[in-house]
Amino acid sequence: MFKILHAEFLAPGIKRFVIEAPRIAHKQKPGQFVILRLYEQGERIPITIEHSDPERGTIGIVVQSAGKTTNLLNSLNAGDSILDVVGPLGKPSEIKDFGTVVVMGGGVGTAMAYPTAAALKRAGNRVISIVGARNKELVILEKELREVSDALMLTTDDGSYADKGFVTDKLRQLIENGTRIDLVLAIGPIPMMRAVAEMTRKERIRTIVSLNPIMIDGTGMCGGCRVLVDGKSEFACVDGPEFDAHRVDFSVLVQRNSMYRTAEQKSMEDFQHEPEKQLETVRARQTGTCALQGGDR
Amino acid sequence: MTEPTKPPTKHPSLNPLPLKERMKVPRQHMLEQAPLLRATNFTEVNLGYSEELARREAQRCLECAKPQCVSDCPVGVKVKEFVELIVAGDYLGAAAKIREDNVLPAITGRVCPQEDHCEGGCLMGKKVQPLGIGYLERFVADYEQRHLDIRNVAKATPTGKKVAIVGSGPSGLTAAGDLVQKGHQVHVFEALHEIGGVLVYGIPEFRLPKAIIRQQVDYMRAMGVVFETDVVVGRTVTIDELMQEEGYDAVFIGTGAGLPQFMGIPGEHLNGVYSANEFLTRINLMHAYEFPRYDEPMLDFRGKNVAVIGGGNTALDAIRSALRLGAGKAFILYRRSEAEMPARKEEVKHAQQEGIEFQVLAAPIEFLDDGKGWLAGARCQKMALGEPDASGRRRPVPIEGSEYEIPLAVAVIAIGTSANPIVQSTTPGLNTNKRNYIEADPMTQRTSRKGVFAGGDIVTGSATVILAMGAGRRAAKSIHEYLTSPGAW
């Protein structure tokens, strides 16, 4: 059992949690993720780690409500627990002095891009951050990202805050202005990452994306998270989650992520039908086979 | 003056049946769910022996002077002795006798390929059906679970030594059980949220119920073993950290067969193509067959054509699971002939009874797209058997011009696994072979790192539960020697 120490909404449907997970906090590096399971009947979902505090033994995650599991998770508060949190998984981001790096975050992807942006800044890079959200309310981590960026550009789809448009508009501006860009890191919805990849491919700018396919164990054992990279199957959990954007087949990613849509919709409808009762089930069914964690050792 | 050593007294046989009568008694069948009924549920196929059946079967034992069944067992279970205790009606005594060599009797009694080990060596098998050793082992293990209060399980005197076991599959559990009985403090780390490794995520409920694994694990907890889930050694904590910061005197690596192998043929990324590991993990670990009571989803299999590629136990577990999910037509595609299939004989028989079709000497060469990214079928090729290959089995040779197409909604690839790199890549100085499996001495299970031992599929590649248990047992013996005799490395 992993205790939630702190929970707050950053924006409607986007919640940040601080969770007691000493072992993970001790080892986490930017770019890595955890897999969590809320209760006995729950599924396992991967979530990128937003920050970690080895001294306090805590990690932070930012979660956007999408399906049943994320909605249930975002109904939990400080004092509640998560049955299983395992990690840190995946290869850490490559952190070195590349020169000028453009870090792009779309929606909740901003929270995943943040730790890598901070690490890249510490490694001596000039960091230009581009953050996009659907509207003003959904802009997150602006202040945090500004602190680790040499420049920060903001867009909203509807123009309710900062500039109206998409993150790719800002990237195009940078390219057209002749800004030297050594690396682009893009994390967000698949259409955004695909659009970034197409734009930088022409310019031959090295581009990294962080992929979030359907995943179960997260250790390479099941192969469910395979993505087509250069025509070959690679596993996002052990070979990724970050990949060279120009080698990723995004169509296959979209198609594979749609595999269980019917079942996911059913789960979501069941949740919406009786959210309180489902939350009660989560709280009541957190008796894992093995509760030994950090402090108990 | 020394007394002459007396030969061990041979007590008279407790078996009331005269030797010459024993071969005349047929092997006792184990009750099982009717094939058409069980093909619709995930409840266990075999229903077990009654006391009467068990004693009748046990009386068939010829009580050989040099029992081959014992020497053919990878963990050396004293078969003759436990069978004799069944004849005497002392079932708990029989269970205790098995436990001297095997800490997971309820599991091996169900999934061990007895025909390759104990029953394969049974003298009776040369003339009639061999003794039902697996059935008898299962009987006493189940009897023990019903009648033994685990609070009475004896704990050994502590030695003060700490051992970390990485992975809670068959090799890890066996090593843990043997080491805790020697008084060492044993801590098992498991990456998943359930204890049991492949026993939990790989073997379906209808062959090995989860409750059985939990009971065996509870027994080990009662002996003093500590389990910690959600720890991916190599990621959450490294071997070096366990030894240097957490004070473990020795480590056993039993992380199992890691990465699923794909075939490298076109269309493997299509929706509806699974690795056996994913398919079985969804069903077994995540209970997808109980959706929506459990959240993990599964495709709708009802009435669909499903093929599993492969001929091992994993392939059979997968196709029989697909049948239970309602598949209209469920078949095995295997590139050699039935004689070469590595699966346990009983599973092949059970699968055939349930209506699984075996298309042998055939392999897919392409998965076909329905135009929307979903699997529509497979283009297959027929095979002939050529000369034996490195495995000693005859090599399948494609027959030119034999291509044919089959319509399919789901394909599950069960052709084996390769080594998972997580532990190896985070443990400096740990030697691996060309295929990235950990190098370990076959007798002592020692690796190239002092105090670090390894065994099971992460050393040998995919094998069986009992072979992994054998490795766990050898490792425990050699860890004990290492911990108790200074300078033993």
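The rules behind the values
Residues numbered from 1 in each chain as written. Chains lettered and ligands numbered in written order. Predicted model: local features only at pLDDT ≥ 70, side-chain atom pairs only at ≥ 80, totals over all residues. Heavy atoms only, no water. Helix = DSSP H or I, 4+ residues; strand = E, 2+ residues; numbered from the N terminus. Rg over C-alpha atoms; globule rule 2.2 N^0.38 Å. Buried < 20%, exposed > 50% of the residue type's maximum accessible area, 1.4 Å probe, protein only. Contact = heavy atoms within 4.5 Å. Areas by Shrake-Rupley, 256 points an atom, 1.4 Å probe, with all protein chains shown as cover. Core = buried A, V, L, I, M, F, W, Y, C linked by side-chain atoms within 4.5 Å. Salt bridge = Lys/Arg side-chain N within 4 Å of Asp/Glu carboxyl O. Pairing = 2+ DSSP bridges. Right-handed = clockwise from strand over helix to strand, strands pointing away. Axes fitted to C-alpha atoms, helices over the stretch in contact; angles between N-to-C directions. Expected span 1.5 Å × (residues − 1). Phe/Tyr/Trp six-rings, centres within 6.5 Å; stacked < 30°, edge-to-face > 60°. Polar contact = N/O pair within 3.5 Å; in protein donor to acceptor, adjacent residues only side chain to side chain. Buried area = accessible area lost by both parts, 1.4 Å probe. Nonpolar A, V, L, I, M, F, W, Y, C, P; charged D, E, K, R; others polar. pLDDT = per-residue confidence, 0-100.

1. A closer look at the overall build of chain A
- Secondary structure summary: chain A contains nine helices and 16 strands in total.
- Radius of gyration (C-alpha) of chain A: 19 Å, near the 19 Å computed for a compact globule of 297 residues.
- With respect to the principal axes defined by its C-alpha atoms, chain A has extents near 60 × 45 × 40 Å.
- Burial analysis of chain A (297 residues in total) assigns 61% to the buried set.
- Taking as baseline every contact in chain A between residues at least 6 positions apart, the subset at least 24 positions apart corresponds to 67%.
- For chain A, the computed accessible surface area is about 12100 Å², with 47% contributed by carbon and sulfur atoms.

2. So, the nonpolar core
- Ranked by internal contacts, the top residues of the largest apolar core, which has 78 residues, are F82, I86, L136 and I165 of chain B.
- Ranked by residues supplied to this core, first place goes to helix α19 (residues 465–484) of chain B with eight residues.
- The contacts of F82 of chain B, once residues within four sequence positions are left out, are V77, A94, K97, I98, I133, L136, E137 and V140 of chain B.
- By size, the runner-up hydrophobic cluster in this structure holds 58 residues, among which are A197 and V227 of chain A together with L333 and L408 of chain B.

3. Regarding the pattern of salt bridges
Residue and element names in this part refer to chain B.
- Counting across every chain of the model gives 61 salt bridges over all chains.
- The salt bridge partner of D317 is R207, with a shortest N-O separation of 2.7 Å. Remark: R207 occurs in the loop between α11 (198–201) and α12 (210–223) and D317 occurs in helix α15 (residues 313–324); sequence separation between them is 110 residues. The exposure classification of D317 matches that of R207, with both residues buried.
- Each of E32, R38, R207, D317, R320, R324, R344, E346, E347 and E354 takes part in a single network of salt bridges with overlapping partners.

4. Examining the pairing of strand β9 (residues 305–309) of chain B
All names here are of chain B.
- Summarising burial for β9: four of the five residues are buried, a large majority.
- Relative to strand β10 (residues 329–334), β9 is paired through five bridges, and the arrangement is parallel. Its bridge partner lying in β10, A307 is registered against F331.
- As for the winding sense of the linkage, the β-α-β connection from β9 through α15 to β10 is right-handed.
- Bridge count between β9 and strand β16 (residues 410–413): four bridges; the pairing is parallel. Looking at the pairing, V308 lines up with V412 of β16.

5. Considerations on the sheet that holds strand β7 (residues 84–89) of chain A
Residues and elements named next belong to chain A.
- Pairing is antiparallel across the open sheet formed by seven strands, whose spatial order is β6-β1-β2-β5-β4-β3-β7. In this open sheet, the two edge strands, each paired with only one partner strand, are β6 (81–82) and β7.
- In the sheet, strand β4 (residues 45–53) pairs with strand β5 (residues 58–64) via four bridges, with the strands oriented antiparallel. Residue pairing for β5: S52 is matched across the bridge by I59.
- Along the sheet, helix α3 (residues 109–122) contacts β4 and β5; its crossing angle with β4, the most-contacted strand, is approximately 45°.

6. Observations concerning α12 of chain B
- Taking 1.5 Å per residue, 14 residues should reach 20 Å; α12 of chain B reaches 20 Å between its end C-alpha atoms and fits that length.
- Looking one or two residues beyond α12 of chain B, the residue adopting positive phi is G224 of chain B, at roughly 115°.

7. Some remarks on the packing of aromatic side chains
All names here are of chain B.
- The final tally for this structure, using the stated rule, is 13 aromatic pairs over all chains.
- Aromatic pair F42 and F206: ring centres 6.2 Å apart, planes at 50°, arrangement tilted. With a gap of 164 residues between them, F42 in the loop between α2 (35–38) and β2 (46–48) and F206 in the loop between α11 and α12 connect regions that are remote in the sequence. In this pair, the class of F42 matches that of F206, namely buried.
- Here the aromatic rings of Y274 and F279 are separated by 5.6 Å at their centres, their planes lie at 55°, and the arrangement is tilted. A single burial state applies to Y274 and to F279, both of which are buried.

8. Some points on the side chain of R37 of chain A
- Among the structural elements, R37 of chain A can be located in strand β3 (residues 33–37).
- Within the local environment of R37 of chain A, its side chain forms a polar contact with the backbone oxygen of E40 of chain A, the two atoms lying 2.9 Å apart.
- What R37 of chain A contacts, discounting residues up to four positions off in sequence, is G42, E43, R44, I82, L83 and D84 of chain A together with H193 of chain B.

9. With respect to unusual backbone geometry
- For the peptide bond that leads from G240 of chain A to P241 of chain A, omega is 15°, which places it in the cis range.
- Structurally, the position occupied by P241 of chain A is in the loop between β15 (232–235) and β16 (242–244).
- With an omega of 5°, the peptide bond between F291 of chain B and P292 of chain B qualifies as cis.
- Assignment of secondary structure puts P292 of chain B in the loop between α14 (276–284) and β9.
- The residue E63 of chain B is not glycine, and still its phi comes out positive at about 55°.
- With respect to the helices and strands, the residue E63 of chain B is situated in the loop between α3 (51–58) and α4 (68–71).
- Assessed through its relative accessible area of 21%, E63 of chain B is described here as partly exposed.
- Backbone geometry places Q445 of chain B, a non-glycine residue, at a positive phi of 60°.
- For Q445 of chain B, the position within the fold is in the loop between α17 (422–425) and β18 (452–454).
- Judged by relative accessible area, which is 3%, Q445 of chain B ranks as buried.

10. Overview of the interface of chain A and chain B
- Listed as interface residues are 52 residues of chain A and, on the opposing side, 53 residues of chain B.
- Of all residues in chain A, R23, M221 and Y260 of chain A bury the most surface against chain B, accounting for 16% of the area lost on that side.
- The shortest N-O distance in the salt bridge between E246 of chain B and R23 of chain A comes to 2.8 Å.
- Applying the counting criterion to the chain A and chain B interface returns 20 residue pairs in polar contact (both at pLDDT 80 or more).
- Elements supplying a minimum of two residues to the side of chain A that touches chain B: α1 (22–27), α2 (68–73), β7, β14 (226–229), α7 (250–257) and α8 (261–273) of chain A.
- At six residues, β7 of chain A tops the list of elements feeding residues into the side of chain A that touches chain B.
- The residue inventory of the side of chain A that touches chain B, partitioned by class, reads 21 nonpolar, 16 polar and 15 charged.

11. Thoughts on the sheet that holds strand β11 (residues 357–360) of chain B
Residues and elements named next belong to chain B.
- With respect to topology, five strands assemble into an open sheet ordered β8-β16-β9-β10-β11, the strand pairing being parallel. Of all the strands in the sheet, just β8 (273–275) and β11 have a single pairing partner and so form its edges. For this sheet, the mean inter-axis angle between neighbouring strands, taken without regard to orientation, is 20°.
- Contacting β8 and β16, α14 crosses the sheet at an angle of about 85° to β8.

12. Looking at the environment of A362 of chain B
All names here are of chain B.
- Within the element layout of this structure, A362 appears in strand β12 (residues 362–369).
- Expressed as a C-alpha distance, the spacing of A362 and G256, which sit 106 residues apart in the sequence, is 29 Å.
- When residues no more than four places from it in sequence are discounted, the contact partners of A362 are L333, Y334, R335, Q381, K382, M383 and Y404.

13. With respect to the confidence of the model for chain A
- Averaged over all residues, the pLDDT of chain A equals 93, while 96% of them reach at least 70.
- Segment residues 289–297 of chain A: pLDDT under 50, and 25 contacts once partners within four positions in sequence are set aside and those in other chains are kept.

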